[in-house]
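Chains, contacts and geometry: an overview
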Amino acid sequence: MWPESIDTRTDMTLSGEVRTPAALSVAALRSMPQRETIVTFECRSSGLRRHHFSGPLLMDVLQAAGPLFDPAERKDRLRFLVSVLGRDGHRAVLSWGELDPEFGNAAALLAVAMDCRDLDEQGPHLVVPGDRCGARHVSGVAKIRVCADDRLWA
């Protein structure tokens, strides 16, 4: 499923504590099952914004990479964090628990289209439906890193 070469201008990398680190293009993300959502953000600086996004669930992309938690321990995955970095330096961190269908079940997307326009040139966008403000919306996702919280407690 993962492509062999990477275009650093538009592809994103998925790394960290996963079995299969990968470089993913918007086209590769488009080949996965797609979801659609309409989000409304209420931003202090730019006011009310409403957008239509489509793309795979972030959870589906993460699961395909094979996170390295103990599957026999249901709660082990709750130690994992997902850090998303945009090409412009914007960052957002999500917990595995908020994304996991058995826990928070947040339908975060790696959007490949916004308002019916493909995002091939910009790269995928992280979209977290339900956020009142769009601060965790990361455009031009360059990197996603999965890691356990062990370093926080060492």
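Residues numbered from 1 in each chain as written. Predicted model: local features only at pLDDT ≥ 70, side-chain atom pairs only at ≥ 80, totals over all residues. Heavy atoms only, no water.

A few words on the overall build of the chain. Counting its secondary structure elements, the chain contains four helices and 11 strands. Against the compact-globule benchmark of 15 Å for 154 residues, the chain has a radius of gyration of 15 Å, which places it among compact chains. Its C-alpha atoms put the chain at 45 × 35 × 25 Å along the principal axes. For the chain, the proportion of its 154 residues judged to be buried stands at 45%. For the chain, the share of sequence-separated contacts (at least 6 apart) that also reach a separation of at least 24 residues comes to 61%. (Helix = DSSP H or I, 4+ residues; strand = E, 2+ residues; numbered from the N terminus. Rg over C-alpha atoms; globule rule 2.2 N^0.38 Å. Buried < 20%, exposed > 50% of the residue type's maximum accessible area, 1.4 Å probe, protein only. Contact = heavy atoms within 4.5 Å.)

Another point: the environment of Gly16. Mapped onto the secondary structure, Gly16 falls in strand β1 (residues 12-16). C-alpha of Gly16 to C-alpha of Val128: the two residues are 112 residues apart in sequence and 21 Å apart in space. Those residues in contact with Gly16, other than ones at most four positions away along the chain, are Arg145 and Val146.

Enumeration over the complete set of coordinates arrives at two aromatic pairs. Relative to Phe80, the ring of Phe69 lies with its centre 5.4 Å away and its plane at 70°, an arrangement referred to as edge-to-face. Taken together, the positions of Phe69 in the loop between α2 (58-65) and β5 (80-86) and Phe80 in strand β5 put the pair 11 residues apart, joining distant regions of the chain. You can call Phe69 buried: its relative accessible area is 13%. On the basis of relative accessibility, which here comes to 0%, the residue Phe80 falls in the buried class. Ring centres 5.2 Å apart and planes at 75° place the aromatic pair Phe69 and Trp96 in the edge-to-face group. Residue Phe69 is found in the loop between α2 and β5, and its partner Trp96 is found in helix α3 (residues 96-99); the two are separated by 27 residues along the sequence. The burial state of Phe69 is the same as that of Trp96; both residues are buried. Taken together, the ring pairs connect Phe69, Phe80 and Trp96 into an aromatic cluster. (Phe/Tyr/Trp six-rings, centres within 6.5 Å; stacked < 30°, edge-to-face > 60°.)

What is shown is where atoms sit, not what they do.
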